[in-house]
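# Survey of secondary and tertiary structure
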Amino acid sequence: MPIRQLSETMINQIAAGEVIERPASVVKELVENALDAGASRVEVVTAGGGLNLIRVTDDGSGIAEPELALAIARHCTSKLSDDIHDIRSLGFRGEALPSIGSVARLSIRSRTASGDSAAEIGIEGGRILPVKPAAANRGTTVEVRDLFFATPARLKFMKSERAESSATSDVVKRIAIAFPAVRFTLAGPDRSTLELPATDDTPEGRLARVAQVMGKDFPDNAIAIDAMRDGVHLAGHVSIPSYTRANALQQYAYVNGRPVRDKLIAGAIRGAFADVLPRDRHAVTVLFLSLDPSTVDVNVHPAKADVRFRDPGLVRGLIVGAIREALAGAGIRAATTGAAGMMAAFRPGVAPYSHPGPANGHRSYEAAYHASGSGGFDPLRSAQRPLDMGQARPRQGGFGENDQTAFDTGPLASADVRAGMAEPAEALLGTVLGAARAQVHENYIVAQTQDSLVIVDQHAAHERLVYEALKNALHSRAVPSQMLLLPEIVDLPEDDAERLAMHSDTLAKFGLGLERLGPGAVAVRETPSMLGETNVQQLVRDLADEIADNDTVETLKERLDRIAATMACHGSVRSGRLLKAEEMNALLRQMEATPGSGTCNHGRPTYIELKLADIERLFGRR
């Protein structure tokens, strides 16, 4: 087949295949155009998951009538200067509108602030319609109908209407977080209305917008981030270690105001929380990176979802260091959701009932029912019966043994109340974790502060304390190494061998001694003593892969930390050990002084705090 020039419509449809993946992609491009036009209000309406209708209305600067035809032509834009490396807008390619028009029915109605009237232009499946007068307020309305009608094969790859609507909501929320001064509305017959009122572009305003998107719990369980390094500024909020999610969907990252899903940033977040979260839990984050546009390339992905940094090691180091410093400086905090869960467990009416008898929300009825061993309610065996009910014998003075069993509906929790024998000092009540009052079930310390009740898991808490002490001892000096009887030769690609040789000094601090051996191999002469007998070949290859991806040697450090975590787990205070009041208070004080002690090495919470006001609500005092 001879080489030929493709038609303009075919070119636009190919571009649409890269840029317009689904309805949410259309919404993203149109909302970004509205924001680039200086809009303070953006309204989005969808129908049929966005396949039938997408309408985006803004109050931005608008498009002059003579420029409407250029707006739907490829590679025509008002956002790009002569320098491709100086990109300060969300859009810059000039491909979105012609790409959408090539696969859908597109109409643009716009009016500038100085215009006497509005004008409208349309394009259907690549066929441009003439410009005509229209009625509209200042701003632009872009309407997309019958998405992919010109390429019906693409419709086979669309998900359900609900899934497409959810993806559109996520796009709008993700963009809205970066523009708190803009009001966003998302509505339509295929969804419930989402309204995000405008706040202001200050740290407080941004946090208020984040609360609108992510829920009111996040600000109460978040730590502020503000750090600068070599011209790169990082701001935002991250959740405390005890406030997590089952996936990473609530990790929002922005580079110069642009929402991105960058694996370097995601990896840095995961590395910063590696010590305090379990492997199957994820932190909640909102991070804003600000840097010189010339030091970041946003033109590496058609949909601008990925970016490339000139100095990725600097960005990763800033994120990891800033988050760890913030976690250490935030002290010890428990997630508010823990107290909410405890209150829900205590609140009457939450216990399930499977029997046909009375179920008024009091657990004692359930205990009486199960004790009866029958399918109905037996008043003679009920814990709520009068003490002399059904008793033929004369009553004895006081509570008889048989009468007292009426109250024994289940085993009672034992408690060692030695900590409560003496009143705690006022200074202890004023501390974060308060004064120890009791130890229950030989594992949980009950402490009292001035306005709350604290329950501490003694094993989990001490495990974290031992782990941090081991880590400090491990990283405060060179890690002891063991000399191999015969050097281990590891064959690698030449590039990997070169990278390992460049990081050999850093690896030596962690006890791994290696040197270059020819163009495609390294010789390992020493390994960390803590690793014992290890698979040197696999370790070196893992390190080479990580250096290639992130330019770091965290793999070796993480292995050593995992060994320290195992040692801490076996060397900490075990469940079932009785503690004296002095020991319990000493443990509480150590927790307060140790960063990250709100969770154990496995990511479980070490304590739960219940405010006095919440306790009073449980008893109907508030």
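Residues numbered from 1 in each chain as written. Predicted model: local features only at pLDDT ≥ 70, side-chain atom pairs only at ≥ 80, totals over all residues. Heavy atoms only, no water.

### Brief notes about helix α15 (residues 494-502)
- Inspection of α15 places Asp496, Ala497 and Leu500 among the buried residues, and these make up the whole buried set. Looking down the long axis of α15, one finds its buried residues gathered within 100° of arc, a one-sided arrangement. Structural note: α15 exposes Glu494, Asp495 and Met502 on the side pointing more than 90 degrees away from its buried face. (Buried < 20%, exposed > 50% of the residue type's maximum accessible area, 1.4 Å probe, protein only. Helix = DSSP H or I, 4+ residues; strand = E, 2+ residues; numbered from the N terminus. Arc of directions from axis to C-beta.)

### Comments concerning the packing of helix α14 (residues 458-475) against helix α19 (residues 581-593)
- Contact geometry of α14 with α19 gives a least axis separation of 10 Å together with a crossing angle of 50°. Taken together, α14 and α19 sit at an angle that is classed as oblique. Once α14 is placed against α19, the crossing between them reads as left-handed. Contact residues: α14 offers Gln458, Ala461, His462 and Leu465, while α19 offers Leu587, Gln590 and Met591.
- The residue inventory of the contact of α14 with α19, partitioned by class, reads four nonpolar, three polar and no charged. (Axes fitted to C-alpha atoms, helices over the stretch in contact; angles between N-to-C directions. Parallel < 35°, antiparallel > 145°, perpendicular 65-115°, else oblique. Left-handed = near helix turned anticlockwise from the far one by under 90°. Contact = heavy atoms within 4.5 Å. Nonpolar A, V, L, I, M, F, W, Y, C, P; charged D, E, K, R; others polar.)

### Details of the sheet that holds strand β24 (residues 513-516)
- Read across the sheet, three strands follow the order β23-β25-β24 without closing on themselves; strand pairing throughout is antiparallel. The sheet is open, and its two edges are formed by β23 (481-491) and β24, each paired on a single side. On average, each strand axis in the sheet is inclined to that of its neighbour by 15°, with strand direction left out of account.
- Set on the sheet, α15 makes contact with β24 and β25 (521-528); between it and β24 the angle comes to about 130°. (Pairing = 2+ DSSP bridges.)

### Concerning the packing of aromatic side chains
- Enumeration over the complete set of coordinates arrives at one aromatic pair.
- Centre to centre, the rings of Tyr254 and Phe288 are 5.0 Å apart; their planes meet at 15°, and the pair counts as stacked. Of this pair, Tyr254 sits in strand β13 (residues 251-255) while Phe288 is found in strand β16 (residues 285-290), placing the two residues 34 residues apart along the sequence.
- By relative accessible area, Tyr254 is classed as buried at 1%. (Phe/Tyr/Trp six-rings, centres within 6.5 Å; stacked < 30°, edge-to-face > 60°.)

### Comments concerning the pattern of salt bridges
- Applying the stated criterion across every chain, the model contains 22 salt bridges.
- Across the pair Glu124 and Arg127 runs a salt bridge whose closest N-O atoms are separated by 3.5 Å.
- A residue is classified by how much of its surface remains accessible, and Glu124, at 29% relative accessible area, is partly exposed.
- For Lys611, the salt bridge identified is with Asp451, shortest N-O distance 3.7 Å. Of this pair, Lys611 sits in strand β26 (residues 607-611) while Asp451 sits in the loop between β21 (444-448) and β22 (452-457); the two residues are 160 residues apart in sequence, bridging distant segments of the chain. (Salt bridge = Lys/Arg side-chain N within 4 Å of Asp/Glu carboxyl O.)

### A word on the sheet that holds strand β14 (residues 258-260)
- The strand order across the open sheet formed by five strands is β10-β11-β16-β13-β14, and the pairing between neighbours is mixed. Among the strands making up the open sheet, the edge pair consists of β10 (222-229) and β14. Averaged over all neighbouring strand pairs, the angle between strand axes comes to 20°, with direction disregarded.
- Two elements, β13 and β14, share three bridges in a ladder whose sense is antiparallel. Bridge pairing in β14 places Ala253 opposite Val260.
- Strands in contact with helix α6 (residues 203-214) are β11 (232-239), β13 and β16; relative to β16, the strand with the most contacts, it is inclined by about 140°.
- Lying over the sheet, helix α9 (residues 312-329) contacts β10, β11 and β16, oriented at roughly 140° with respect to β10.

Any functional reading would require information that these geometric values do not contain.
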